[in-house]
Amino acid sequence: MSRGGRHAYGALSVLAAGALVLTGCSKGGSDSSADGKKDQENAKRQQASIKFGGPADSTGPAAPVPGAKPGGTMEVLQRDSYAHLDPGQIYVSDQMSVAQLLHRGLTGYKATSDDGSKHEVVGDLATDSGTTSDGGKTWKYTLKDGIKFQDGTPITSKDIRHSVERLFAPFINQGPAYLQQWLANASGAAYRKLLPDGPYKGKHLPDSVLETPDAKTVVFHFKTPHPDLPYALAMAGYAVVSEKGDTKQRYDKAPVVSGPYKIQSFKSGKSMVLVKNTNWDPKTDPIRHQYVDQFNITFNQQYETSTKALLADSGADRTGISFNNQVDAGNLSRVLRDPKMKSRTVSGYQPYVGQMNINMSHKAMQDKTVREAIAYALPITPFLRAYGGTDAMEVAGGLISPTVSGYDPSFDPWGKKEKPAGDPGKARELLKKAGKLNMKLTFGYINTPEGQQYSTAMAAGLKKAGFDVQRQEIPSETYYDQVSKLNNNYDIFHTAWGADWPSASTVLPPLYDGRVIADGAQNYSQVNDPKINSEIDRINKITDPVKSAAEWEKLDQYIVKDVVNVVPTAYYKQAQIAGSQVGGLVYDDVIGGVDPRRLFIK
């Protein structure tokens, strides 16, 4: 998933984490502060196993939040409007957060502690997290009684079948592809051949692939074992879509929901109002609550604006929060160190890794020497500084986060931990060698205060190395839609990706498999390297999680050091603040931020 991009994951297995070196932005070495040690513990914890729950774990209602009471209106200050609300198109962190209130799937993550650090995968619409008797080739789900859409229509296996089959339609191109690839037993975008038009022209997946023998039963059949299915089905991208209410492309702005809240109004780019869904039955839901009467969401609230309003803590902002905005760079250090703010602040380590993509579809970028020059020249310090320095993130060496099994803290091929300001001298030598001094470099950046700040400083660093850098702004709301277009104009642009569960199998294949290159796909750099493709196929067949983690890390190093289609920038942390009247405030490891399902007004 990307940040401002995708996010929502759980853990695959318990693996040795190794030492987690958290490096400052102006020096090498580890951060030995109390906050640094806390970050290390947080990251290591997120590699831990999350178990699959049975029927008892999957029974509602959700355990009450201590001190919670119903009623009231909560103000939500968000930077970006929601580009997608159709589950099949949801794969970006802010959309995934609001989806926690709107959509339900066969499985979901249930918090089993009040601090957001412990979870289990349980049945959400299903009676359990799934049963398999053949090691993961066949999975059976039984739907609960009493589950309905917001219009009162019962949710049946026909809706689940429809939700899966529509994922193969061409207009669904922004969400995850794990389930589709597993059902088709195909890599990359080849899964679409299984049902090219989805269910919209009367064709359906055969019972040998997806079986719905009655209104309550759903059976998935795979050619090879997929023991991770309960994790995948917990993603917002696989939530249920109403067959009766499916309006295809228009569903993206007005979905028929199944969660505790429904959309009363949505003015894209301006505001959204969520109110209680009276057809949601808490007795069927072990995961969510419905304490707040109404959420008033206001968009275009930059980090500095939302932080200032919530710090002031007056009027409506006393019941204010942001699901995704972090504390802005100027206030971050003060907020984290002010004892008076502790009860109103949550923070944690996220699974995101930032990376500067080099667009391999552009001829000039196909020169490896040019890409190496970009890698050496690119300064990371401005990126960290724009978001609050080492309180907000740390310099990255590779593409696997400290929260994901296989992470190697010593890997740093471009010397960013030692020289986060970049090495323009070495880069200039490479450009000279390639005969490309003063070559034009189009830098697409997200049009936010942070994006403007870091892109200006990064561009200056690249200019020192001999590039003629042209910056192009991209609106924040549609940023990922724009950079995932095949024929975009950008030579370089920044994205951030987080594991969907802490296995690098949810990081490297979605981002770097050349067979997934398509409009809307997540191979942003459009790299198509035969070794990467074949290694993805080979490693995906390794069933031992310890061995596969080691092999994914080797592939990570090959991509960063030898292919050079991306330059890792930073590992992410998150700090958020709320008004003094907001209750149920916790940082949830799976969501990677505030858990909106627990919130109430004191």
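This one's a predicted model, so the numbers in the text were calculated from it and none came from an experiment.

Definitions and limits used
Residues numbered from 1 in each chain as written. Predicted model: local features only at pLDDT ≥ 70, side-chain atom pairs only at ≥ 80, totals over all residues. Heavy atoms only, no water. Phe/Tyr/Trp six-rings, centres within 6.5 Å; stacked < 30°, edge-to-face > 60°. Helix = DSSP H or I, 4+ residues; strand = E, 2+ residues; numbered from the N terminus. Buried < 20%, exposed > 50% of the residue type's maximum accessible area, 1.4 Å probe, protein only. Lys NZ or Arg CZ within 6 Å of the ring centre and 35° of its normal. Pairing = 2+ DSSP bridges. Contact = heavy atoms within 4.5 Å. Axes fitted to C-alpha atoms, helices over the stretch in contact; angles between N-to-C directions. Salt bridge = Lys/Arg side-chain N within 4 Å of Asp/Glu carboxyl O. Polar contact = N/O pair within 3.5 Å; in protein donor to acceptor, adjacent residues only side chain to side chain. pLDDT = per-residue confidence, 0-100. Expected span 1.5 Å × (residues − 1). Arc of directions from axis to C-beta. Parallel < 35°, antiparallel > 145°, perpendicular 65-115°, else oblique. Nonpolar A, V, L, I, M, F, W, Y, C, P; charged D, E, K, R; others polar.

## Section: the packing of aromatic side chains
Okay, so step 1: Per the stated rule, a full pass over the model turns up 25 aromatic pairs.
Okay, so step 2: Centre to centre, the rings of Tyr291 and Phe600 are 6.2 Å apart; their planes meet at 80 degrees, and the pair counts as edge-to-face. Of this pair, Tyr291 sits in the loop between strand E9 (271-276) and strand E10 (294-298) while Phe600 sits in strand E21 (residues 600-601), and the two are 309 residues apart along the sequence. Just as Tyr291 is buried, Phe600 falls in that class too.
Okay, so step 3: Seen from their ring centres, Tyr480 and Tyr524 are 5.7 Å apart, and the 65 degrees between their planes marks the pair as edge-to-face. Of this pair, Tyr480 sits in helix H12 (residues 479-483) while Tyr524 sits in the loop between helix H13 (508-512) and helix H14 (530-540), and the two are 44 residues apart along the sequence. We note that Tyr480, like Tyr524, is buried.
Okay, so step 4: Here a set of aromatic residues connected by ring pairs shows up, and it is made of Phe52, Tyr141, Tyr178, Trp182, Phe220, Phe222, Tyr231 and Trp501.
Okay, so step 5: Just above the ring of Tyr251 sits the side chain of Arg166; from NZ or CZ to the centre is 5.4 Å.
Okay, so step 6: The ring of Tyr200 carries Lys248 above its face, with NZ or CZ at 4.8 Å from the centroid.

## Some points on the sheet that holds E9
Okay, so step 1: Across the sheet, 5 strands lie side by side as E8-E9-E10-E2-E11; this open sheet has mixed pairing. Each of the sheet's edge strands pairs with one partner strand only, and the pair in question is strand E8 (261-267) and strand E11 (320-321).
Okay, so step 2: Across 6 bridges, E8 lies against E9 in antiparallel orientation. Residue pairing in the sheet places Lys262 in a bridge with Val275 of E9.
Okay, so step 3: Across the face of the sheet, helix H2 (residues 93-102) comes into contact with E8, E9 and E10 while running at roughly 135 degrees to E8.

## A closer look at the pattern of salt bridges
It is possible for side chains bearing opposite charge to pair when their charged atoms get close.
Okay, so step 1: Scanning the entire structure with this criterion turns up 27 salt bridges.
Okay, so step 2: Where Asp285 meets Arg288, a salt bridge forms, and the shortest distance between an N and an O atom there is 2.9 Å.
Okay, so step 3: Overall, the relative accessible area of 0% leaves Asp285 in the buried class.
Okay, so step 4: Judged by relative accessible area, Arg288 falls into the buried class, the value being 6%.
Okay, so step 5: Here Asp391 ties to Arg337 by a salt bridge, and the two come within 3.1 Å at their closest N and O atoms. Residue Asp391 is located in the loop between helix H9 (381-387) and strand E13 (393-395), and its partner Arg337 is located in helix H7 (residues 329-337); the two are separated by 54 residues in the primary sequence.
Okay, so step 6: Arg337 gets classed as partly exposed once you look at its relative accessible area, which sits at 46%.
Okay, so step 7: Look at the salt bridges and you will find they share partners, linking Arg104, Asp124, Asp285 and Arg288 into a network.

## Details of helix H8 (residues 368-377)
Okay, so step 1: In terms of burial, H8 is a largely internal element, 8 of the 10 residues being buried.
Okay, so step 2: Every buried residue of H8 is accounted for by Thr369, Val370, Arg371, Ala373, Ile374, Ala375, Tyr376 and Ala377.
Okay, so step 3: The N-terminus of H8 is capped by Asp367, whose side-chain oxygen sits 2.9 Å from the backbone nitrogen of Thr369.

## A word on the confidence of the model for the protein chain
Okay, so step 1: On average, residues of the protein chain score 91 in pLDDT, and 92% of them reach the 70 mark or higher.
Okay, so step 2: Per-residue pLDDT stays below 50 along residues 4-33; that stretch engages in 125 contacts with residues further than four places along the chain or on separate chains.

## What to know about unusual backbone geometry
Okay, so step 1: In this chain, Gly60 is followed by Pro61 through a cis amide linkage whose omega measures 0 degrees.
Okay, so step 2: Phi at Asn438 is positive, roughly 70 degrees, even though this residue is not glycine.
Okay, so step 3: Owing to a relative accessible area of 59%, Asn438 belongs among the exposed residues under this scheme.
Okay, so step 4: Notably, Gln526 is not glycine yet its phi reads approximately 55 degrees, a positive angle.
Okay, so step 5: Within the fold, Gln526 resides in the loop between H13 and H14.

## Side note on helix H11 (residues 449-464)
Residues separated by three or four positions in an α-helix point in the same direction, a consequence of the helix having 3.6 residues per turn.
Okay, so step 1: The end-to-end C-alpha distance of H11 is 23 Å, a good match for the 22 Å that 16 residues give at a rise of 1.5 Å each.
Okay, so step 2: Taken residue by residue, H11 has Glu450, Gly451, Tyr454, Ser455, Met458, Ala459, Gly461 and Leu462 as its buried positions. Along H11, the residues classed as buried sweep out an arc of 160 degrees about the axis, all on the same side.
Okay, so step 3: Among the residues trailing H11, Gly466 stands out with phi positive, at a value near 110 degrees.

## Let's talk about the packing of H14 against helix H15 (residues 545-563)
Okay, so step 1: H15 packs onto H14 with a crossing angle of 170 degrees between their chain directions and a minimal axis gap of 10 Å. Relative to H15, the element H14 lies roughly antiparallel. Along its contact with H14, which presents Lys531, Ile532, Glu535, Ile536, Arg538, Ile539 and Asn540, the element H15 presents Ser548, Glu551, Trp552, Leu555, Tyr558, Ile559 and Val563.
Okay, so step 2: Broken down by class, the residue content of the contact of H14 with H15 amounts to 8 nonpolar, 2 polar and 4 charged.

## Concerning the sheet that holds strand E6 (residues 210-211)
Okay, so step 1: Read across the open sheet, the 3 strands follow the order E5-E7-E6; overall the sheet is antiparallel. In the strand order of this sheet, the two ends are held by strand E5 (138-142) and E6, each with one partner.
Okay, so step 2: In terms of strand pairing, E6 meets strand E7 (residues 217-221) through 2 bridges, oriented antiparallel. Opposite Leu210, over in E7, you have Phe220 as the bridge partner.

## Thoughts on the environment of Asp468
Okay, so step 1: Checked against the element boundaries, Asp468 lands in strand E15 (residues 468-474).
Okay, so step 2: Between the alpha carbons of Asp468 and Thr442 there is a distance of 8.4 Å; along the sequence they are 26 residues apart.
Okay, so step 3: Of the polar contacts made by the side chain of Asp468, one reaches the side chain of Gln470; its length is 2.8 Å.

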